[in-house]
Amino acid sequence: MAEEKSLNFLEEIIEADIKSGKHTEIATRFPPEPNGYLHLGHAKSICLNFGLALKYGGKTNLRFDDTNPVTEETEYVESIKGDVQWLGFTWAQELYASDYFAQLYEFAVTLIQKGLAYVDDSTSEQMAAQKGTPTQPGTNSPYRNRSVQENLTLFADMKAGKYADGTKVLRAKIDMAHTNMLMRDPVIYRIKHAHHHRTGDTWCIYPMYDFAHGQSDSIEKITHSICTLEFVPHRELYDWCIENLAIYPSRQYEFARLNMTYTLMSKRKLLQLVTEKHVSGWDDPRMPTLSGVRRRGYTPEAIRDFCDRIGVAKRDNLIDISLLEFCVREHLNKISARRMVVFDPLKVTITNFPEGKTEILTSENLPDNHSDLREMPFGREIYIEREDFMEVPVKKYFRLSPGQMVRLKSAYIIKCDEFIKDAAGNIIELKCSYIPESRSGSDSSGINVKGVIHWVSADKAVPVEVRQYDRLFTVEDLSTVEDDFRNHLNPNSLQVVPAVFAEPEIVNAKAGQHFQFLRMGYFCLDRDSTSGKLIFNRTTTLRDMWAKEVKK
RNA sequence: UGUCCUAUGGUGUAAUGGUAACACAGCAGAUUUUGAUUCUGCUUUUCUAGGUUCGAAUCCUAGUAGGACAACCA
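Quick caveat, the model's predicted, so the values are computed rather than measured.

(A) Just the packing of aromatic side chains, in detail. Applying the stated criterion across every chain yields a total of 26 aromatic pairs. Ring geometry for Tyr 209 against Phe 231: centres 5.0 Å apart, planes inclined by 35°, an arrangement best described as tilted. Residue Tyr 209 is located in helix α7 (residues 209-219), and its partner Phe 231 is located in the loop between β8 (224-228) and α8 (235-245); the two are separated by 22 residues in the primary sequence. Each member of the aromatic cluster is reached from another via a ring pair, and the members are Phe 101, Tyr 105, Phe 155, Tyr 189, Trp 203, Tyr 206 and Phe 211. Over the aromatic face of Trp 86 sits the side chain of Arg 294, whose NZ or CZ is 5.2 Å from the ring centroid.

(B) Quick peek at the side chain of Asn 180. Looking at the element boundaries, Asn 180 is found in the loop between β5 (169-172) and β6 (187-191). Exposure remark for Asn 180: the relative accessible area of 12% places this residue in the buried category. Looking at Asn 180, its side chain comes within polar contact range of the side chain of Glu 236, at 2.9 Å. Other than its neighbours up to four places away in sequence, Asn 180 contacts Pro 233 and Glu 236.

(C) Quick peek at the nonpolar core. By size, the foremost hydrophobic cluster in this structure holds 37 residues, and its most contacted members are Leu 111, Phe 155, Leu 170, Tyr 189, Ile 205, Phe 211 and Trp 240. At the level of secondary structure, the elements contributing two or more residues to this core comprise α4 (101-113), β4 (117-120), α6 (148-159), β5, β6, β7 (205-207), α7 and α8. Ranked by residue count, the leading element in this core is α4, at eight residues. Apart from residues lying up to four places away in sequence, Trp 240 is in contact with Leu 111, Leu 116, Ala 172, Lys 173, Ile 174 and Met 183. Listed in part, the 36 residues of the second largest apolar core include Leu 40, Met 260, Leu 332 and Tyr 522.

(D) Broad picture of the sheet that holds strand β2 (residues 59-64). Sheet architecture is open: three strands sit in the order β1-β2-β3, paired in parallel fashion. The open sheet terminates on both sides in strands that have one partner only, identified here as β1 (27-30) and β3 (94-96). Each adjacent strand pair in this sheet contributes to an overall mean axis angle of 35°, direction not counted. Bridge analysis of β1 against β2 gives four bridges, and the strand direction is parallel. Bridge assignment links Thr 28 to a residue of β2, and that residue is Thr 60. Where helix α3 (residues 74-87) meets the sheet, its contacts fall on β1, β2 and β3, and the angle it forms with β2 comes to roughly 160°.

(E) Seen up close, the protein's contact with RNA strand B. What surrounds RNA strand B is a group of 69 residues, the closest being Glu 12, Arg 338, Arg 399, Ser 440 and Gln 516. Within 4 Å of the protein, the atoms of RNA strand B are drawn from sugar and phosphate moieties in a proportion of 61%. The separation between a sugar or linking oxygen of RNA strand B and a polar side-chain atom of Ser 6 is 3.1 Å. Within the side chain of Arg 309, one N or O atom sits 3.0 Å away from a sugar or linking oxygen of RNA strand B. Those elements that provide at least two residues to the surface near RNA strand B are α5 (124-131), β6, α11 (300-310), α12 (321-335) and α13 (545-551). It is α12 that provides the largest number of residues to the surface near RNA strand B, a total of four residues. Counted by class, the surface near RNA strand B contains 25 nonpolar, 20 polar and 24 charged residues.

Rules used in this analysis
Residues numbered from 1 in each chain as written. Chains lettered and ligands numbered in written order. Predicted model: local features only at pLDDT ≥ 70, side-chain atom pairs only at ≥ 80, totals over all residues. Heavy atoms only, no water. Phe/Tyr/Trp six-rings, centres within 6.5 Å; stacked < 30°, edge-to-face > 60°. Helix = DSSP H or I, 4+ residues; strand = E, 2+ residues; numbered from the N terminus. Lys NZ or Arg CZ within 6 Å of the ring centre and 35° of its normal. Buried < 20%, exposed > 50% of the residue type's maximum accessible area, 1.4 Å probe, protein only. Polar contact = N/O pair within 3.5 Å; in protein donor to acceptor, adjacent residues only side chain to side chain. Contact = heavy atoms within 4.5 Å. Core = buried A, V, L, I, M, F, W, Y, C linked by side-chain atoms within 4.5 Å. Pairing = 2+ DSSP bridges. Axes fitted to C-alpha atoms, helices over the stretch in contact; angles between N-to-C directions. Near = heavy atom within 4 Å. Nonpolar A, V, L, I, M, F, W, Y, C, P; charged D, E, K, R; others polar.

Here is the structure:
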C-alpha cells in the first residue's frame, strides 16, 4: 500500500489551503536573476517549486528577476533555461519581471497618488544616515512631505530621463521608526541609464526587488511564493505592497537554503572563482553549478533524488557531501557500462600463453545482464594495476604476490611465478602462468581465488586522459572561516593523469555516456576530447572498504 | 543591546499531546569473477529551567545558543 510519507511544512500549508478551499490549484514560480549560473542550491529550489506544482496539480512559471540591467545578461538566461530543462522540469510560461515594467510603473504611480510614496533627492549616504540602525529608529527625509502632485511630476520626469543616475529615488512612505529596517521608507525605484538585456534603452528607471517580486507574483497569480530564509524580513514589505495596491494576494513562504560541506553556494563567490581563474569556468567539474556537476557526470536523476532526501525545513543546515555522492553512485551503478582501465600499469607476461596469439573474451556491460556483452582482447602481455601486486603482502591482502593466484576479471586465473626488478629495485614486470581451464564462464579448474583484478591487453590498450577531481575546498564548513575563502581552496582538487590504459572498446564512448571503470570509479567523456585523444572526467570514486582497511 | 527566524544522533529529516523513527555517515558480519553492488546487525538523539497535562520533542513562559536584518543587489 502507499505508505503515508510525511509532509514537509510547505506541503502541509498547501494541503491546508486546498482543504479549506482557499485554493483549488496552486501556482509556483522559479525566479532566478540572470546574473550567474545555477548551482545545487537552485536545484533544491527548482525541485521544490516544480515538485510542489506537480504533486498538487498546478503550474510553475520560470520568471527571470531581471530588474538590475547592470549585472544581467542573456548568456545567463540561456544557461538557466538549459539547466532547468536538464534537471527534467517544464515550465508553464517563460516570463520576465521586465515584462511588467509598464505595469510596475503604474503601481508606483498608484502609491504616489495614495500618498504612500515620494521622490527623495537625498544621496545614498544621507539616506543611510536617516535609516538608523536595527536598535535605533531612523529619521524622516526632508523630502518626505512633498505633495502628491509634485511627486507625480518628479517621478514622471525621472522616467523621462531628466535626471542623472543616483540623483533621485522613489521611496515607499511607511515608517522610519519601524522595527523592521526594510519598512523604513524603502527605495522602490532608482535611476539607471543602463542598457537592459530585454527592454534595451526603453527605461532609465528600474524597480527594486521589493517592488517587483511580489507584484510579479501577484500578476501571475502565484499562490505560494517560495523563497529562502533571508527574505523573511521582506515578507512584511511584500504584504504591504500587495495590500496597498489591492492586488491578488500571493503569499510568501521561506525555507532554509542548501549548504554543503567542502563547497559553497554563493553566486558572487562562484563568479569570483571563475573570473580569477581558480577554476576553468562556470562548468568546471569541481564547481557546484549545475553545468559543473553535469560535466562531471552527475545525472539529473541523482540530483533530484538528492533534493528529495535532504528535505525542506526552516533551520540552517549543512548537508554532508557524501549524501550527494551516495545518490550519484546509486544511480550510476544501475546505468553505467563497465570498462577496464589500468591507471598505473605493471606489465605481466603470461609465460605459458602462446606468443603472438590474441584471444577474444567477453564481459558484461552491466553486472547482472549476461546478454549485453562486449569483447576484449587477451594476450600474452597484459597490464595490471601496480597496486594489485605486493612483493610482501600485508595481512588480508588477496591480490597478487609471489606464488599467489588471482582471477583476471572475465578472463583467467593466473599465478605469480616471478617478479623482475630494475637496477633501482622497482618492480617492472611479473612473470605469471595462467590456468587454461579457468576461463570465465567455463571454469573447470576447481580453483577458487578470492582476488579479482582488472587488466588490459598490453598491445591493444588505448591510452586516454583521465581527470580526477576532489573536493574544491579543504574546510568542511566554509561559513566558519574568518579569512578569505580563497585561502582554503584545495590545491589538489584536480589531478590529471595524461595517459591511462583502456580496453579498446573505449574508443566508442559517446558524449553523455556514463561508465564505471572497474574498481576505479565512475567516469564520463569530457567535451575537451578529440577523436585522437579521449578525456574522461571522474564523476566519483567507488566506495572503497579496502582503503579503510589499509588505513587501520 | 531592537525586531524576526530557528533549536531532535556525527549530518539531515520525521514523529502534528500517547512506545523518538528513517536516510546518509561510522562500526561489525554474510554474499560476491569489481575489496563495487546486494543483504544483515550495531553504536549514537529531543538546548536549559520552570509551567500546563493522566501524559510534552510537540503547548506556554523565561533563559541560552545559532542565524537574518542598517545595498539606489536579488
